[in-house]
Structure formats: structure tokens, C-alpha cells
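The primary structure of each chain is shown beneath.
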Amino acid sequence: MITLPDKDPLQSFTHTMRSRYSETDRMGYVYYGRYLEFFEVARTEMIRNLGLPYKKMEEKGIMLPVVYTEISYKSPIYYDELMQVTVKIYETPAVRLNTWYEIFTETSERPHVLGRVILAFLDAETRRPCRAPDAFLHHFPGN
């Protein structure tokens, strides 16, 4: 069971998207595997909004692969629903970026899905862990 940390996030970003027909299963629900894609879209847009898109990080030799995921499904989302996918960061990244997610729609005051994804900053050449880039870290208190 996922429980988001009981404190204010250091960063929070909400990306709005609509569930598409191709993302639903026979029951008309968004297929469970799609939620990781929704998390990735929101995370990518958050990082872009912070001024350091993935493309720039990759050009600087930094990769950000996923090393852990966890999802808690609370209630289904249906075809053509407008979703607010919120990604939150509660701790300053070092070598890992720990991200938390909530997905809401207008049909429920409670989140439909909760999630957690941990990514690791890697040196593209050596494929070894490295510190988060300073251009990313300066968006967090104390950096």
C-alpha cells in the first residue's frame, strides 16, 4: 500500500492529459500498464519545466533509468477522461530521484492511482551512478 509522505513536497507538478481509446482494456478501463507511461509523461514535463529536459541531460552525459516502481490502483479511469497526473518530490535528489504520483479525474475527489518511481542518475559513458546535475539540484532548497 502506497502512502505519500506526510509533509509538503519540495517540488510538485501537475500535467493534464486525456485517456485515449487505445489505452483502455475490454472493460473500458485504462489498462493498468499505462499508468507508468502517464507517470513518465508527467515526470518528463516536470523536469522540462525545471529547465533541464531529459534531452539536455543526455547531451551532458547523464542518463536517468528507472530502478524501482510501485503502483496502488484505487479506482478505474475510463476512456476519454481528463486526468491530472501530479508528480511530487519530497527530498533533494542525490544519486537517486525519488518521485511520487497521484492521478485524479473530475469523477472522484480521491486519487484513482498512487505511485512511486525511483530513478538513478547515471554517467552515460561509464554506466555508473553519479550525482544529480547542479542545474537540476539548484531547484531544491539548500542548493
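Look above for the structure.
Basis of the calculations
- Residues numbered from 1 in each chain as written.
- Predicted model: local features only at pLDDT ≥ 70, side-chain atom pairs only at ≥ 80, totals over all residues.
- Heavy atoms only, no water.
- Helix = DSSP H or I, 4+ residues; strand = E, 2+ residues; numbered from the N terminus.
- Pairing = 2+ DSSP bridges.
- Axes fitted to C-alpha atoms, helices over the stretch in contact; angles between N-to-C directions.
- Salt bridge = Lys/Arg side-chain N within 4 Å of Asp/Glu carboxyl O.
- Buried < 20%, exposed > 50% of the residue type's maximum accessible area, 1.4 Å probe, protein only.
- Core = buried A, V, L, I, M, F, W, Y, C linked by side-chain atoms within 4.5 Å.
- Contact = heavy atoms within 4.5 Å.
- Polar contact = N/O pair within 3.5 Å; in protein donor to acceptor, adjacent residues only side chain to side chain.
- Phe/Tyr/Trp six-rings, centres within 6.5 Å; stacked < 30°, edge-to-face > 60°.

Visitor: Explanation requested: unusual backbone geometry in the structure shown.
Guide: The phi angle of most residues is negative, glycine excepted, and most peptide bonds adopt the trans form. Unusually for a residue other than glycine, aspartate 80 sits at a positive phi of about 70 degrees. Mapped onto the elements, aspartate 80 comes out in the loop between strand E3 (66-73) and strand E4 (82-89). The phi torsion at arginine 127 lies on the positive side, around 60 degrees, for a residue other than glycine. Note that arginine 127 resides in the loop between strand E7 (122-123) and helix H3 (134-137).

Visitor: What am I meant to see in the sheet that holds strand E1 (residues 11-18) here?
Guide: What holds strands together in a sheet is hydrogen bonding between their backbones, with the strands either parallel or antiparallel. The antiparallel open sheet is built from five strands, whose spatial order is E1-E4-E5-E6-E3. Every interior strand has two partners, whereas the edge strands, E1 and E3, have only one. Sheet twist, expressed as the average angle between the axes of neighbouring strands with direction ignored, equals 20 degrees. Relative to E4, E1 is paired through eight bridges, and the arrangement is antiparallel.

Visitor: So what exactly am I meant to see when it comes to the pattern of salt bridges here?
Guide: Across all of its chains, the model carries five salt bridges by this definition. Two residues, arginine 18 and aspartate 80, come together in a salt bridge whose shortest N-O distance is 3.7 Å. Of this pair, arginine 18 sits in strand E1 while aspartate 80 sits in the loop between E3 and E4, and the two are 62 residues apart along the sequence. Residue arginine 18 is classed as partly exposed on the basis of its relative accessible area, which comes to 42%.

Visitor: In this structure, what is going on with the nonpolar core? I would like to understand it.
Guide: In a soluble, globular protein the nonpolar side chains are often hidden away together inside. With 32 residues, the main nonpolar core has Ile103, Phe121 and Phe136 as its most contacted residues. At the level of elements, E1, helix H1 (34-49), helix H2 (54-59), E4, strand E5 (96-105), strand E6 (113-120) and H3 are the ones that each hand at least two residues to this core. Ranked by residues supplied to this core, first place goes to H1 with six residues. Among all residues touching phenylalanine 136, those that are not within four sequence positions of it are Ile47, Leu50, Leu52, Pro93, Leu97 and Phe121. Within the second largest apolar cluster, five residues are counted, among which are Ile2, Leu4, Tyr90 and Leu114.

Visitor: Explain the side chain of threonine 105 to me, please; I cannot follow it from the model alone.
Guide: By secondary structure assignment, the location of threonine 105 is in strand E5. On the basis of relative accessible area, threonine 105 is assigned to the buried category, the value being 4%. Within the structure, the side chain of threonine 105 is placed 2.7 Å from the side chain of threonine 107, a separation counted as a polar contact. Aside from chain neighbours lying at most four places away, what touches threonine 105 is Ile77, Glu81, Leu82, Met83, Gln84 and His112.

Visitor: Help me understand the packing of aromatic side chains, please; the structure alone is not making it clear to me.
Guide: Centre-to-centre distance and the angle between the planes together describe a pair of aromatic rings. Tallied over the entire structure, the rule returns ten aromatic pairs. With centroids separated by 5.6 Å and ring planes inclined at 90 degrees, the aromatic side chains of tyrosine 21 and tyrosine 79 adopt a geometry described as edge-to-face. Of the two residues, tyrosine 21 is situated in the loop between E1 and H1 and tyrosine 79 in the loop between E3 and E4; the sequence distance between them amounts to 58 residues. Residues phenylalanine 39 and tyrosine 101 carry aromatic rings whose centres are separated by 4.2 Å and whose planes lie at 10 degrees to one another, so their mutual orientation is stacked. Of this pair, phenylalanine 39 sits in helix H1 while tyrosine 101 sits in strand E5; the two residues are 62 residues apart in sequence, bridging distant segments of the chain. For the pair shown, phenylalanine 39 and tyrosine 101 are each scored as buried. Aromatic rings pair up to connect Tyr31, Tyr32, Tyr35, Phe38 and Tyr73 into one cluster.

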